[in-house]
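What the coordinates show
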Amino acid sequence: MIMKHTFLVKEWFGAFLSLLFPRCCVVCGRPLAKGEECICAVCNMDLPRTDYHLRRDNPVELLFWGKFPLERATSFFYYRKGSDFRRILHLLKYGGQKEIGAIMGRYMAAELIESGFFQGIDVIIPIPLHETKQRIRGYNQSEWIARGIAAVTGIPVDTEAVVRRKYTETQTRKSIFERWENVEGIFELHHAESLIGKHVLIVDDVLTTGATTVACASRIMEVEGIRISVLTLAVAD
């Protein structure tokens, strides 16, 4: 009886808070219904999915051809100029809403898992932030996406094997050449022995030129018997 009473109080309190501070869709701004997280059902259906995980030699995989040996790669949705769906990434990276990463990571993993995309993957490595940038932001958005993926797949997340030692300026307004030059030699391996013979999944928030991913993968490739796949929440279209 006490447990039932406590549950009812929590339900009532939650409903009361929702009236005062309604949870809203990060895309369209409409109040979220019970059971919805981050984005509403309508925006979830309209999310510009790539479905690249269903296509071998898809555009994301082609982007990495010749740069490092790749098992498979995909991105969940298109990041398009002027699209309201850009708010997902903007609020995640610059709005302090780190929970969006975990929620979208779960959504993404739940859809990809049926295709066998995660089969054989041993460990997830989110693209690291430099300690200064992470201290300013308060978190690493790619790590939160990775945590969401891990919650669905059960694959462990490793945030210590690869570190970002070189502080770099934002890539946003840089040319393609400047992006590649900006990330040269920025990553270091720690505890490399823990990755020997492993299939690693590199996770990041948004894919543009692929320069940062390639820089990270190139460092990981120094480990004996390593295999690499890539997954990002979005890809610039």
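In this text, all values refer to a predicted model and were calculated from it rather than measured experimentally.

1. Brief notes about the overall build of the protein chain
Along the protein chain, the regular secondary structure elements total nine helices and six strands. Looking at the 237 residues of the protein chain, the share that counts as buried comes to 45%. In the protein chain, the share of contacts with a sequence separation of at least 24, taken over all contacts with a separation of at least 6, comes to 75%. Just so you have it, the protein chain exposes about 12,700 Å², and 55% of that area is on carbon and sulfur atoms.

2. Some points on the nonpolar core
Core analysis: the biggest nonpolar cluster contains 38 residues, and F77, I88, M104, F118 and L233 have the highest contact counts within it. Secondary structure elements with two or more residues in this core: strand 1 (73-79), helix 4 (86-94), helix 5 (99-112), helix 7 (141-153), strand 5 (199-207) and strand 6 (227-236). Per element, the largest residue contribution to this core is six residues, and it comes from helix 5. Two domains share this core, each providing at least three of its residues, namely domain 1 (1-45) and domain 2 (47-234). Apart from the residues lying within four places of it in its own chain, the contact partners of F77 are L47, P48, R49, T50, F85, I88, L89, M104, L233, A234 and V235. I125, F187, V223 and V235 belong to the second-largest nonpolar core, a separate cluster that totals 29 residues.

3. Here's the deal with the pattern of salt bridges
For the structure on display, the rule yields eight salt bridges. Across the pair R106 and E37 runs a salt bridge whose closest N-O atoms are separated by 2.7 Å. One end of the pair, R106, is in helix 5; the other, E37, is in the loop between helix 1 (2-20) and helix 2 (41-46), and 69 residues separate them in sequence. Owing to a relative accessible area of 26%, R106 belongs among the partly exposed residues under this scheme. We classify E37 as partly exposed; its relative accessible area is 31%.

4. Section: the sheet that holds strand 6
The parallel open sheet is built from four strands, whose spatial order is 1-6-5-2. Each having just a single partner strand, strand 1 and strand 2 (123-126) make up the two edges of the open sheet. Strand-to-strand twist in this sheet, taken as the mean axis angle between neighbours without regard to direction, amounts to 20°. Relative to strand 6, strand 5 runs parallel, the two sharing eight bridges. Opposite I202, over in strand 6, you have V230 as the bridge partner.

5. A short note on the packing of aromatic side chains
Between two aromatic rings, the relevant description is the distance of the centres plus the angle of the planes. Applying the stated criterion across every chain, the model contains four aromatic pairs. Geometrically, the ring pair formed by Y52 and Y78 is edge-to-face, given 5.9 Å between the ring centres and 90° between the ring planes. With Y52 in the loop between helix 2 and helix 3 (59-64) and Y78 in strand 1, this residue pair connects regions lying 26 residues apart in the sequence. Taking the relative accessible area as the measure of exposure, Y52 reaches 8% and is therefore buried. On the basis of an interplanar angle of 45° and a centroid distance of 5.4 Å, the ring pair of F64 and F68 is categorised as tilted. In this structure, F64 and F68 share a single accessibility class: buried. One residue, R72, lies across the ring of F117, its end atom 5.7 Å from the ring centre.

6. A closer look at the pairing of strand 2
With burial as the criterion, each face of strand 2 is covered, one bearing V123 and I125 and the other bearing I124 and P126. Both strand 2 and strand 5 contribute to a ladder of four bridges, which runs parallel. Residue pairing in the sheet places V123 in a bridge with V200 of strand 5.

7. A look at unusual backbone geometry
Of note in the backbone geometry, D51 takes a positive phi value of approximately 60° without being a glycine. Mapped onto the elements, D51 comes out in the loop between helix 2 and helix 3. With relative accessibility at 37%, the residue D51 sits in the partly exposed group. Positioned with a positive phi, D57 is a non-glycine residue whose angle comes to about 60°. The class for D57 is partly exposed, based on a relative accessible area of 40%.

8. Quick look at the pairing of strand 6
With eight of 10 residues buried, strand 6 is to be regarded as a mostly interior element. Both strand 1 and strand 6 contribute to a ladder of six bridges, which runs parallel. Within strand 6, the residue paired with A73 across the bridge is V230. This β-α-β element, strand 5 to helix 9 (residues 211-220) to strand 6, shows right-handed connectivity.

What counts, and at which threshold
- Residues numbered from 1 in each chain as written.
- Predicted model: local features only at pLDDT ≥ 70, side-chain atom pairs only at ≥ 80, totals over all residues.
- Heavy atoms only, no water.
- Helix = DSSP H or I, 4+ residues; strand = E, 2+ residues; numbered from the N terminus.
- Buried < 20%, exposed > 50% of the residue type's maximum accessible area, 1.4 Å probe, protein only.
- Contact = heavy atoms within 4.5 Å.
- Areas by Shrake-Rupley, 256 points an atom, 1.4 Å probe, with all protein chains shown as cover.
- Core = buried A, V, L, I, M, F, W, Y, C linked by side-chain atoms within 4.5 Å.
- Domains from an automatic or database assignment.
- Salt bridge = Lys/Arg side-chain N within 4 Å of Asp/Glu carboxyl O.
- Pairing = 2+ DSSP bridges.
- Axes fitted to C-alpha atoms, helices over the stretch in contact; angles between N-to-C directions.
- Phe/Tyr/Trp six-rings, centres within 6.5 Å; stacked < 30°, edge-to-face > 60°.
- Lys NZ or Arg CZ within 6 Å of the ring centre and 35° of its normal.
- Right-handed = clockwise from strand over helix to strand, strands pointing away.

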